Amino acid sequence: MPNLAHRIAGILALLCIATFFLSTLLVEAFGSHATMAQLKSLIVTPGLWILIPAVVAAGGSGTFLSKSRKGRLLEAKRKRM
């Protein structure tokens, strides 16, 4: 179950960031100033309410899943996190 939660949270966070980035690029290229302001408002208000819990869940479940593991690569990742 924690493995599935980690995957779902990671995918959701990645999709949020990719959506924010792609929509910003498209609106910058083809939209007006009003459209850009509306997009940034939408990214902040509902977007961050989805992204932040997804990142927290991915980090928490990743920490839980790594408790029983040891190794040089895992220690390097723990230092980065």
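Anything mentioned here points back to the structure above.
Predicted model only: the values in this text are computed from it and were never measured. The residue numbering used here restarts from 1 in each chain and proceeds along that chain's sequence as written. At least 70 in pLDDT is required for a residue's local features to be given in this predicted model, at least 80 for side-chain atom pairs to be given and counted, and no such filter applies to totals for whole chains, interfaces and linings, which use all residues. Heavy atoms throughout the structure, all of them, feed into the side-chain values; hydrogens and water do not.

## Regarding the pattern of salt bridges
For this analysis, a salt bridge means a side-chain nitrogen from Lys or Arg found within 4 Å of a carboxyl oxygen belonging to Asp or Glu. Summed over the entire model, instances satisfying the criterion amount to one salt bridge. For the salt bridge of glutamate 75 with arginine 78, the shortest nitrogen-to-oxygen distance reads 3.1 Å. Placement of both glutamate 75 and arginine 78 in helix α3 (residues 72–80) is noted, with a separation of three residues, approximately one turn of the helix. By the criteria applied, helices consist of DSSP H or I runs no shorter than four residues and strands consist of E runs no shorter than two, each listed in order from the N terminus.

## Regarding a nonpolar patch on the surface
Patch definition: residues above 30% relative accessible area lacking any salt bridge, with like charges linked at up to 9 Å and the nonpolar side chains Val, Leu, Ile, Met, Phe, Trp and Tyr linked at up to 5 Å. In short, Shrake-Rupley with a 1.4 Å probe defines the accessible areas, and a residue's cover is counted only from the protein chains shown. Among the surface-exposed residues, Val44, Leu48, Ile52 and Val56 lie close enough to one another that they form a single nonpolar patch of about 340 Å² accessible area. Residue placement: valine 44 occurs in helix α2 (residues 33–65). Classification of valine 44 by relative accessible area gives partly exposed; the value is 48%. Buried means the residue's accessible area, taken with a 1.4 Å probe over protein chains only, is under 20% of the maximum for its type, while exposed means over 50%, and partly exposed covers the values in between.

## Topic: the environment of asparagine 3
Of note, asparagine 3 is situated in helix α1 (residues 2–30). Note on asparagine 3: relative accessible area 38%, which makes it partly exposed. Spatially, the C-alpha atoms of asparagine 3 and alanine 58 are 9.8 Å apart, while their sequence positions differ by 55 residues.

## Points about the packing of α1 against α2
Axes are the key here: two packed helices are described by the angle between their axes and the distance separating the axes. In the contact formed by α1 and α2, the axes pass within 8 Å of each other and the chain directions differ by 155°. As summarised for this structure, α1 and α2 are arranged roughly antiparallel, according to the angle between their axes. Our pair here, α1 against α2, has a crossing hand that is left-handed. In terms of residue class, the contact of α1 with α2 is made up of 21 nonpolar, nine polar and two charged. To get an axis, a line is fitted to the C-alpha atoms, and for a helix only the part in contact is used. The angle between two axes follows their N-to-C directions and goes from 0 to 180 degrees. Any angle from 65 to 115 degrees is called roughly perpendicular, while one under 35 is roughly parallel, one over 145 is roughly antiparallel, and all others are oblique. Here a crossing is taken to be left-handed if its near helix is turned anticlockwise relative to the far helix by less than a right angle, and right-handed if that turn runs clockwise. Residue classes follow a fixed rule: Ala, Val, Leu, Ile, Met, Phe, Trp, Tyr, Cys and Pro count as nonpolar, while Asp, Glu, Lys and Arg count as charged, and any other residue, Gly among them, counts as polar.

## Thoughts on α2
Along its 33 residues, α2 runs 45 Å from first to last C-alpha, staying within 8% of the 48 Å computed at 1.5 Å per residue. The largest bend along α2 reaches roughly 55° and is located at glycine 47. Taken together, the buried positions of α2 are Met36, Leu39, Ile43, Gly47, Leu51, Ala54, Ala58 and Ser61. Here, residues are in contact when the closest pair of their heavy atoms is within 4.5 Å. Considering only its buried residues, α2 is in contact with α1. Each helix should span, by expectation, one fewer than its residue count multiplied by 1.5 Å. Each residue is assigned a bend, namely the angle between axes fitted to the seven residues that terminate at it and the seven residues that start at it.

## Comments concerning the nonpolar core
Side-chain atoms within 4.5 Å link the members of a nonpolar core, which is a set of buried Ala, Val, Leu, Ile, Met, Phe, Trp, Tyr and Cys residues. By size, the foremost hydrophobic cluster in this structure holds nine residues: Ala13, Cys16, Phe20, Val27, Met36, Leu39, Ile43, Leu51 and Ala54. For this core, the secondary structure elements donating two or more residues are α1 and α2. The element contributing the most residues to this core is α2, with five residues.

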